[in-house]
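# Close look at the chain arrangement
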Number of protein chains: 2
Amino acid sequence: MNVEARTSETGHPRVVIVGAGFGGLQAALAIGKQQPEVDLTVIDRTNHHLFQPLLYQVATAALSPADISTPIRHVLRKQKRTEVIMAEVTGIDIESKRVMMADNLSIPYNYLIIATGAHENYFGHQKSWGPLAPGLKSIEDAQAIRNKILVAFEQAEIETDPEQQKKLLTFVVVGSGPTGVEMAGSMAELAYQTLTPEYRHIDPGMIHIILIEALPKILNAFPEKLARRAKKKLERLGVDVRTNTPLEEITKDGVVAGGQWIASTTIIWTAGVQASPAGQWLGAETDRAGRAKVMPDLSLPDYPEVFVLGDTANPSQDGPPLPGVAQVAMQQGRYVASVIKQRISGEPAPEPFHYHDKGNLATVGRAYAIASIGPIRISGFIAWIIWLTVHIVYLIGYENRTIVLLQWAWSYLLLKRRVRIITRSVRLSPPSDPNHKSIPEKAKIATNPKQ
Amino acid sequence: MNVEARTSETGHPRVVIVGAGFGGLQAALAIGKQQPEVDLTVIDRTNHHLFQPLLYQVATAALSPADISTPIRHVLRKQKRTEVIMAEVTGIDIESKRVMMADNLSIPYNYLIIATGAHENYFGHQKSWGPLAPGLKSIEDAQAIRNKILVAFEQAEIETDPEQQKKLLTFVVVGSGPTGVEMAGSMAELAYQTLTPEYRHIDPGMIHIILIEALPKILNAFPEKLARRAKKKLERLGVDVRTNTPLEEITKDGVVAGGQWIASTTIIWTAGVQASPAGQWLGAETDRAGRAKVMPDLSLPDYPEVFVLGDTANPSQDGPPLPGVAQVAMQQGRYVASVIKQRISGEPAPEPFHYHDKGNLATVGRAYAIASIGPIRISGFIAWIIWLTVHIVYLIGYENRTIVLLQWAWSYLLLKRRVRIITRSVRLSPPSDPNHKSIPEKAKIATNPKQ
C-alpha cells in the first residue's frame, strides 16, 4: 500500500512523527488539536514517553520508573486519527517519502517530523567506556545505575578488605551539567542519609562521591554566582567536587582523572550527548555533535516536508546551538505543528522559529535548587519550590500525577527511598581477603574452611 | 573465624535465618523483639522482602515492583544485633553447623531457620516449559509477564494477518488456584477495559483469555459454592474458564490442553509449586513436593537446632500438608522464634506447632472477592473489602504503605493501569502477512517496497 492510495482514500495528508520525547509528543498533541483531520502516525522504539529530567530520581531509588513514564498511546488516546507504533526506525527514504523500520516495515508520509533526541557521547570511547559508565537517558540506564549503587553497598557490607570496600563505596559522576549535579547530590543523600544507617559494617567515612568536571567551574550554563553556590551545597552534602579535572580513562576498576587514579566500581556518565543518527538517515549536513542543520522554519534544506527538532536539530545559522533542554524541544514541536498547518492550508510562510528562554533550573539535593530566570538569580529553598512547581506542572500536563507529588513529599519528609530493589539476578563477588583484620568491627563471614 | 570463637567472644548464640519471605522475616522480627541479645544473621538472595500475594498486580501493570517490596535491612534496621546478607545459599554443612554460600563464603550457626519457600513445579518439564510459561514468584517473573502482555498488544496492533493477531491476543493462564484466578481476572480487566480503547486496530472481540484447570472445578481449596460464583464472575469479566482440561504440552506457539491446540504467545504458569532444594541441603526426608519432613516443633529429626518452615516444610505426621500460604509461614516463623527462646533459656519443650486457620480469600477482578472464614462464606464487594483490608494491614505491618493504598484507590476509580512500561530492549516480530486484506480497518503499514 502506498501513500497515493492512502491519501486519495482518506483525502487527508499523513504526518509521521519519529520519536515521542518532549518535542515529538508536543507536535503530536498540537497537530491533534489544530488539525484533527490529518492522519497522524507516531513511531517510537519504546511504548512510553519518558520524563527524562527526573530520571536521576529513578537512578537514586526515590521514584519508580512508572512515576515518570506514560504510555504514548495513552497520552494520545483521544486523537482518533492518531495511531501509535512501537518500532525501531532504521532510516528514511527521503525521495520516495517513506520511513523505514526494522523487520522490513515501512510507512509513507506527506510530512515528516524527526524528534529522535540524543544519546551519550563518550567522545570516541563508546565501545570501551559505554558499558562501564552508564548514562541517564532511558529507564534501563536508570535501573542499571540503581542496581550498581545498591549492589556496591551490599557487596561492601560483606567485604573485609578495606581497600576493596573503599573501591566499592567510591562513586564517580563524570560531568557537571544539571544532570551530573542532580545525580551527585541525590546520590549523596541516598548514601549518607538513607543507606548507611541500615548497614552494620559501613560507616559514612568510608563513602566517597566524586563529581569530575574538566572545566574550571560546574554548571557551565549557569551564572558564575549560582554555580559557586551549587558547588558549596554539593560539598555540604558530602560530594567531592573536582573541577579542572579532565577524565582520561575508564576501566572496570576505576577512572584516571586529572592524572590521578580513582578506584571505583560505580561510574556514571553525564559528560556529553551526541544527536541520534537521524541526520545520517536524512543525508543532511550535520554539526560536530551530529545535529542536522535545518532552516529557520526547522525544515530540511530542499525538503520542506521534512522537519527536525529538539536535540537532533541545529537551527542556528551562526552563534551557539540552542541548549538541549525539554523547553526547546517542546516549543519546536508546537511550532512545527503550526508550520505544517500553514503548509496544508496554503497560508504564507511562517515566521522563523524563535526560542523563548524561560530560564534555567537545577536541583542540588532535596530542598535546594538554583534558578536563573531572565535577570533573576535565586538559590536555596525558594528556587527548589520553583523547580518543584515547574516539574509537577509539566508532569501533570500529560496525566494527573498526584501520586508522584505525594511520593515526593513522602520521600522528602521521611528521607525514605522506597525503590531500593536490586533487579535481575545479581551475583556479588566474593570478599577479596576475608582474613584481613583491620576492619574495626568483627568480620562476620568466613570463607568456607572445608574448601 | 569459627562459631566457638564468636560465641565466646560475644557470649551470645548466633541464629541464622535463610530466606526473608513471610516466614523468615516474621522469625527475624520475633527474635529481635524476644531476644535482642542474640546475634542474628538473615541471608537472602535478593535485597528485598516481596509481598508475593500482590505480584499479579505488578504483572498486570497496576502496581510498581517497589509498591510490594521493602528492603529486608530496612525492615530490620532497628535490631542492632541483626545483620542482613545478600547472598546465594548453596548448602548446609549440618554436622559442622555452617551455612555455605556462593563464592566460597560460609557462616556458622548455633540455631538455623530455613525458610526458602517454593518455586514453580512444571512436573518434569522445567527446562522446556519454564522459559515459555513464566510463573509468579519474583519481581523478574512479574515484569516478564507484564512485558509479554504489553508486547503482544503492540505487536497485534501492527499485525495484518488475522490468524497471527488472534494468536497474539490469546492469553493462557494454566492453573486455577487463587493466583491463577486473580491473574486471569486482572488480565481481563487490563485487556478489555484499559488497553483495547487505546489501540486503533484491536477490538475486544479479538481478545481471548483462557483459564485452564485439570480438575472439575476452579479454586479447589474453596467451598464449592464460592468457587462456582468466582467462575461466573470470571466469565462475566470475559475469561474463558475451561475445567476438566489437563495441560498436555507447551510450545513457543501455544499449548495443547484437553486434546485441543490453542495458539498463543503468552502463557502464564500458576499450576503448582515445588519446595526449594533446602530439603536436599539438609539431607532430610522429603515429601512428594520436596518439603522436608519436620517434627511437631518444626525442627529436623535428630537436629533440634535446625528448623524448617513455610513452603519448604511439611510438619504433618499424617493428613494433608498445610496450605502454602503466607499465614502458615508467618505463624511458623513466630513459633520457631519462641522455641529457640525456650531452648536458649533452658525452659521445657514447647507445645507442638498448631496452625490457626484464619480463612481463605481470593479476588476476582477489581471489586469482587470470595471469602471463606470458618463457617462464613461471602462473595462480592463485601468480601473484596475484607480482602483489601487484610492486605493493607499486612502491607502496613512492614512499612507505612499509604501510597500503595492511594494507588489502588486511584486505579480502582479511574480504571488506570499506570505501570504500562515495556522494559528491556524488546523487538517486535514483523507482521507475518502485511498484504492480507481481511482486517476491516485499513492496514497502515506496508513492507518495504524496495526490498
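Residues numbered from 1 in each chain as written. Chains lettered and ligands numbered in written order. Predicted model: local features only at pLDDT ≥ 70, side-chain atom pairs only at ≥ 80, totals over all residues. Heavy atoms only, no water.

What follows covers the overall build of chain A. Along chain A, the regular secondary structure elements total 13 helices and 26 strands. Looking at chain A residue by residue over its 451 residues, the buried ones come to 58%. Taking the contacts inside chain A whose residues are at least 6 apart along the sequence as the reference set, 66% of them involve residues at least 24 apart. Carbon and sulfur atoms make up 54% of the accessible area of chain A, which amounts to about 17700 Å² in all. (Helix = DSSP H or I, 4+ residues; strand = E, 2+ residues; numbered from the N terminus. Buried < 20%, exposed > 50% of the residue type's maximum accessible area, 1.4 Å probe, protein only. Contact = heavy atoms within 4.5 Å. Areas by Shrake-Rupley, 256 points an atom, 1.4 Å probe, with all protein chains shown as cover.)

Take unusual backbone geometry next. Residues and elements named next belong to chain B. A positive phi is found at L219, a non-glycine position, where the angle reads about 50°. By the element assignment, L219 lies in the loop between β12 (208–212) and α9 (224–237). Classification of L219 as buried rests on a relative accessible area of 1%. Positioned with a positive phi, N244 is a non-glycine residue whose angle comes to about 55°. Its location among the elements puts N244 in the loop between β13 (239–242) and β14 (247–251).

Right, let's get into the pairing of strand β9 (residues 111–114) of chain B. Residues and elements named next belong to chain B. What you see with β9 is no split at all: Y111 and I113 on one side and L112 and I114 on the other are buried throughout. Both strand β1 (residues 14–18) and β9 contribute to a ladder of four bridges, which runs parallel. Among the inter-strand pairings, V15 is bridged to a residue of β9, identified as Y111. In this sheet, strand β21 (residues 303–308) lies alongside β9 in parallel orientation, the contact comprising three bridges. Looking at the pairing, L112 lines up with V306 of β21. (Pairing = 2+ DSSP bridges.)

This next bit is on a positive patch on the surface. On the surface, a cluster of positive charge is contributed by A:K225, A:R229, A:K232, A:R236 and A:R377. Structurally, A:K225 is set in helix α9 (residues 224–237). (Patch = residues over 30% accessible without salt bridge, like charges linked within 9 Å, V, L, I, M, F, W, Y side chains within 5 Å. Salt bridge = Lys/Arg side-chain N within 4 Å of Asp/Glu carboxyl O. Lys, Arg positive; Asp, Glu negative; His and termini not counted. Charge placed at Lys NZ, Arg CZ, Asp CG, Glu CD.)

Right, let's talk about the sheet that holds strand β24 (residues 369–373) of chain B for a bit. Residue and element names in this part refer to chain B. The three strands lie next to each other as β23-β24-β25, forming an open sheet whose pairing is antiparallel. One side of each edge strand has no neighbouring strand; the edge strands of this open sheet are β23 (360–363) and β25 (376–380). Strand-to-strand, the axes of this sheet are offset by a mean angle of 5°, without reference to chain direction. Of the pairings in the sheet, the one linking β23 to β24 comprises four bridges and is antiparallel in character. Along β24, the bridge assignment pairs A362 with I370. (Axes fitted to C-alpha atoms, helices over the stretch in contact; angles between N-to-C directions.)

Another point: helix α8 (residues 178–195) of chain B. Its 18 residues give α8(B) an end-to-end C-alpha distance of 24 Å, which sits within 8% of 26 Å, the value for a rise of 1.5 Å per residue. Of all 18 residues in α8(B), 14 are buried, a share of seventy percent or more. (Expected span 1.5 Å × (residues − 1).)

Now for the packing of helix α2 (residues 22–34) of chain B against helix α11 (residues 326–344) of chain B. Residue and element names in this part refer to chain B. Put simply, α2 and α11 touch, their axes get as near as 7 Å, and they point 35° apart. Relative to α11, α2 is oriented so that their crossing is right-handed. Here F22, G23, Q26, A27, A30, I31 and Q34 of α2 lie close against α11, whose contacting residues are A326, A329, M330, G333, R334, A337, S338 and K341. The residue inventory of the contact of α2 with α11, partitioned by class, reads eight nonpolar, five polar and two charged. (Left-handed = near helix turned anticlockwise from the far one by under 90°. Nonpolar A, V, L, I, M, F, W, Y, C, P; charged D, E, K, R; others polar.)

Before going further, it helps to spend a moment on the packing of aromatic side chains. All names here are of chain A. Under the criterion given, the structure shown has 16 aromatic pairs over all chains. Taking the centre distance of 5.8 Å and the plane angle of 55° together, the rings of W129 and W269 count as tilted. Highlighted residues: W129 in helix α5 (residues 126–129) and W269 in strand β17 (residues 266–269), separated in sequence by 140 residues. Accessibility classification places W129 together with W269 in one group, the buried group. Connected via pairs of aromatic rings, a cluster forms that spans Y122, F123, W129 and W269. (Phe/Tyr/Trp six-rings, centres within 6.5 Å; stacked < 30°, edge-to-face > 60°.)

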